[in-house]
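Chain residues, written in single-letter form:
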Amino acid sequence: MQIQGTSIMIQIGVIGAGSCDEELRRTAEETGSEIARNGSVLVCGGLGGVMEASAAGAKKEGGTTVGVLPGDSRESANPYIDIAIVTEMGHARNVIIARSADVLIAIGGEYGTLSEIAHSLKMGKTVVTLESKWEIEGTIKANSPQKAVRIAIDSFNK
């Protein structure tokens, strides 16, 4: 995408629960790494679990991370967040994440993730799922972090 002669990076949202097991953590970290390797910005909720693991993966590859925080303090962000957006909006911040991301990858997740998926689909965004416990019409299922990121980037470039 070009704006006034400058290149704008794709913003890929990674959404998922604030706590996760080791397997999901590895999946999220590899997804974040893959996002950075492809030159995209990672947007997430900025806290723990899937959000922290994906941001850690992106940082390992030199990527840029944005955390849209539910509270009133930048200090609540996980240590891998470069840009902290303080909302003091609680779960309502999910709409900001959905709107700010060009495409989204849902990894596992709980009800907050489900709301982000619903908002994203309602906005016409592509949502790719990895290890989801839900089958949601309109989402695209991927079987690896590499495939999820490839689907996300390809859908944005259509």
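Structure's up top.
Enquirer: Sorry if this is basic, but what is going on with the overall build of the chain here?
Expert: Each helix and strand counted, the chain has five helices and nine strands in total. Going from N to C terminus, the chain has its helices and strands arranged as β-β-β-α-β-α-β-β-α-β-α-β-β-α. Here the C-alpha atoms of the chain give a radius of gyration of 14 Å, agreeing with the 15 Å that 2.2 N^0.38 yields for 158 residues. Seen along its three principal axes, the alpha-carbon backbone of the chain occupies a region of about 40 × 35 × 30 Å.

Enquirer: Hey, could you run me through the state of the cysteines in this one?
Expert: Working definition of a disulfide: a covalent bond connecting the sulfur atoms of two cysteines. What the rule picks out here adds up to zero disulfides. With no disulfide of its own, Cys20 has Cys44 as its nearest cysteine by sulfur position, at a separation of 12 Å.

Enquirer: Whenever I open this one, the environment of Val66 confuses me. Can you help?
Expert: Position of Val66 among the secondary structure elements: in strand E5 (residues 65-69). Taking relative accessible area as the criterion, Val66 reaches 14% and is therefore assigned buried. As a C-alpha pair, Val66 and Cys44 span 22 residues in sequence and 6.3 Å in three-dimensional space. Contacts of Val66, omitting those with residues within four sequence positions, involve Val41, Leu42, Val43, Cys44, Ile81, Ile83 and Ile85.

Enquirer: Sorry, what's going on with the side chain of Ser33 here?
Expert: Mapped onto the fold, Ser33 is located in helix H1 (residues 22-37). The contacts of Ser33, once residues within four sequence positions are left out, are Gly57, Ala58 and Glu61.

Enquirer: Is there a simple way to think about the nonpolar core in this case?
Expert: Nonpolar side chains in soluble globular proteins tend to end up buried together. In this structure, Ile12, Val50, Ile105 and Ile107 are the most contacted members of the largest nonpolar core, which totals 29 residues. Elements that contribute at least two residues to this core include exactly strand E3 (11-15), H1, strand E4 (41-44), helix H2 (50-60), strand E7 (103-107), strand E8 (127-130) and helix H5 (145-156). In contact with Ile12, not counting residues within four places along its chain, are Ile35, Ser40, Val41, Leu42, Val43, Ala101, Val103, Ile105, Val149, Ala152 and Ile153. If you look at the next biggest cluster of nonpolar residues, it comprises 11 residues, including Val41, Val66, Ile117 and Val127.

Enquirer: Quick question: what am I supposed to make of the sheet that holds strand E6 (residues 83-86) here?
Expert: The strands that make up a sheet are held in pairs by hydrogen bonds between backbone atoms, and each pair lies either parallel or antiparallel. Here we have seven strands laid out as an open sheet, ordered E6-E5-E4-E3-E7-E8-E9, and parallel in their pairing. Only two strands of the sheet have a single neighbouring strand rather than two, namely E6 and strand E9 (140-141). Note that E3 and E4 share three bridges and pair parallel. Paired with Gln11 across the strands is Val41, a residue of E4. In the packing of H1 onto the sheet, the strands contacted are E3, E4, E7 and E8, and the crossing angle to E7 comes to about 160 degrees.

Conventions adopted
- Residues numbered from 1 in each chain as written.
- Predicted model: local features only at pLDDT ≥ 70, side-chain atom pairs only at ≥ 80, totals over all residues.
- Heavy atoms only, no water.
- Helix = DSSP H or I, 4+ residues; strand = E, 2+ residues; numbered from the N terminus.
- Rg over C-alpha atoms; globule rule 2.2 N^0.38 Å.
- Disulfide = S-S within 2.5 Å.
- Buried < 20%, exposed > 50% of the residue type's maximum accessible area, 1.4 Å probe, protein only.
- Contact = heavy atoms within 4.5 Å.
- Core = buried A, V, L, I, M, F, W, Y, C linked by side-chain atoms within 4.5 Å.
- Pairing = 2+ DSSP bridges.
- Axes fitted to C-alpha atoms, helices over the stretch in contact; angles between N-to-C directions.

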